[in-house]
Amino acid sequence: MIKLCRFAEQTGNPKPGLFLEEENRVKDLSMVGVSDLTSILESPDPLARAQELADSDAPDLPVGDVTLLSPLERQEVWAAGVTYLRSKTARMEESDFSATAYDRVYDAARPEIFFKSLAEKSVATGDDVGIRADANWNVPEPELALVVNSRGELVGYSVGNDMSSRDIEGENLLYLPQAKVYKWSCSFGPFIVIGPTEEEVRKWSISVKIERGDNVMFTGETSISQIKRSFAEMTDYLCRSQEFRNGAALLTGTGVGPAEDFTLAAGDLITISISGIGELTNRVAIV
């Protein structure tokens, strides 16, 4: 298993990197001729190429000396909804108007897939995520991300936060883009993990913690094994009648989150963890 990342030194330009977990250091892949992470994901055998770079003599730096950036470069971010039973129940609870639609899509052959963000609009670990100033019920949605290349091949996994304005979505399904796509509504990273099989990834857990000052407002955890649809099915539907020249990332749905009487506030700290990948941490700001 290999963890790719992007990083910057102080005010320098973004660089492709490879995270050395045991040493807590980052290899600077730009020093061995790698221009970006996309070139690795687009190679004929991304895992073999990543392993070659892991074994290279690229210099490395302490993680504390760099800023980890979002590992996305030019990829679009999409999302698959209602993939956990819990997410179906939660969507049905938030609106009587939309309840039957969510009920039907959970059992339908075709998944719900929607656009979420461009790479340049996605924020990294340590950055702020946004809650809409015109919404009253805002929540994080911790999700496993599937990373595909331009050939539609599943080449890696990451952590995503699909920030959502539940009251806007619940008012009318046609408001879904406003509830999901706005400034700082998607955080991603800090790594793209290459190598594990779907069977291995389904043994991982995903957790979320929300802190407000000195108080923990919510903690929860679920297993990725609870995702109903296979990774191949979701990526197949994502790529149907589509073209992703730089690849794409697909968020795979939410299986854990706070109760319906909770909403995020400015200053809250959200930490999303996926065993096998790492932590994505963001503070909340009103946008």
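A quick note: this is a predicted structure, and the numbers were derived from the prediction, not measured.

A. Up close: a nonpolar patch on the surface. Taken together, the side chains of Phe 115, Leu 118 and Val 181 present a nonpolar region at the surface, about 200 Å² in accessible area. Locating Val 181 in the fold gives a position in the loop between α6 (176-180) and β13 (186-188). When its relative accessible area of 34% is taken as the criterion, Val 181 is described as partly exposed.

B. Here's a closer look at the packing of aromatic side chains. Per the stated rule, a full pass over the model turns up five aromatic pairs. Ring centres 4.6 Å apart and planes at 15° place the aromatic pair Phe 19 and Phe 191 in the stacked group. A residue pair is termed long-range when its members are at least 10 positions apart, and Phe 19 in strand β2 (residues 15-20) and Phe 191 in the loop between β13 and β14 (192-194) qualify at 172 residues. Note on Phe 19: relative accessible area 12%, which makes it buried. Classification of Phe 191 as buried rests on a relative accessible area of 6%. Between Tyr 157 and Phe 231, the ring centres sit 6.0 Å apart and the planes meet at 55°, which makes this aromatic pair tilted. Taken together, the residues Tyr 157 in strand β11 (residues 154-162) and Phe 231 in helix α8 (residues 231-239) connect sequence positions 74 residues apart. The pair Tyr 157 / Phe 231 is uniform in exposure class, with both members buried.

C. Expanded view of the pairing of β2. In terms of burial, β2 is a largely internal element, five of the six residues being buried. The sheet contact formed by strand β1 (residues 2-8) and β2 spans five bridges and is antiparallel. Residue pairing in the sheet places Cys 5 in a bridge with Gly 17 of β2. Linking two consecutive strands that pair antiparallel, namely β1 and β2, is a turn of six residues; a positive phi of about 50° is found at Gln 10 within it.

D. Focus on helix α2 (residues 46-54). If you check which residues of α2 are buried, you get Pro 46, Ala 50 and Leu 53. Down the axis of α2, the smallest arc covering the buried residues is 60°, so these residues share one side.

E. Expanded view of the nonpolar core. With 37 residues, the main nonpolar core has Leu 144, Ile 224, Phe 231, Leu 264, Ile 270, Ile 274 and Ile 277 as its most contacted residues. When sequence neighbours within four positions are dropped, the list of residues in contact with Phe 231 reads Leu 144, Leu 146, Leu 154, Tyr 157, Glu 198, Val 201, Arg 202 and Ile 224.

F. Spatial organisation of the environment of Ile 272. By the element assignment, Ile 272 lies in strand β18 (residues 269-274). Judged by relative accessible area, which is 0%, Ile 272 ranks as buried. Between the C-alpha atom of Ile 272 and that of Gly 160, which follows or precedes it by 112 residues, the distance is 8.2 Å. Each residue touching Ile 272, except ones within four places of it in the same chain, is listed here: Pro 142, Val 159, Gly 160, Asn 161, Ile 206, Ser 207, Val 208, Gly 278, Glu 279 and Leu 280.

G. View of the environment of Asp 57. Along the chain, the position of Asp 57 falls in the loop between α2 and β4 (60-62). Expressed as a C-alpha distance, the spacing of Asp 57 and Val 32, which sit 25 residues apart in the sequence, is 7.9 Å.

Conventions used here
- Residues numbered from 1 in each chain as written.
- Predicted model: local features only at pLDDT ≥ 70, side-chain atom pairs only at ≥ 80, totals over all residues.
- Heavy atoms only, no water.
- Patch = residues over 30% accessible without salt bridge, like charges linked within 9 Å, V, L, I, M, F, W, Y side chains within 5 Å.
- Areas by Shrake-Rupley, 256 points an atom, 1.4 Å probe, with all protein chains shown as cover.
- Salt bridge = Lys/Arg side-chain N within 4 Å of Asp/Glu carboxyl O.
- Helix = DSSP H or I, 4+ residues; strand = E, 2+ residues; numbered from the N terminus.
- Buried < 20%, exposed > 50% of the residue type's maximum accessible area, 1.4 Å probe, protein only.
- Phe/Tyr/Trp six-rings, centres within 6.5 Å; stacked < 30°, edge-to-face > 60°.
- Pairing = 2+ DSSP bridges.
- Arc of directions from axis to C-beta.
- Core = buried A, V, L, I, M, F, W, Y, C linked by side-chain atoms within 4.5 Å.
- Contact = heavy atoms within 4.5 Å.

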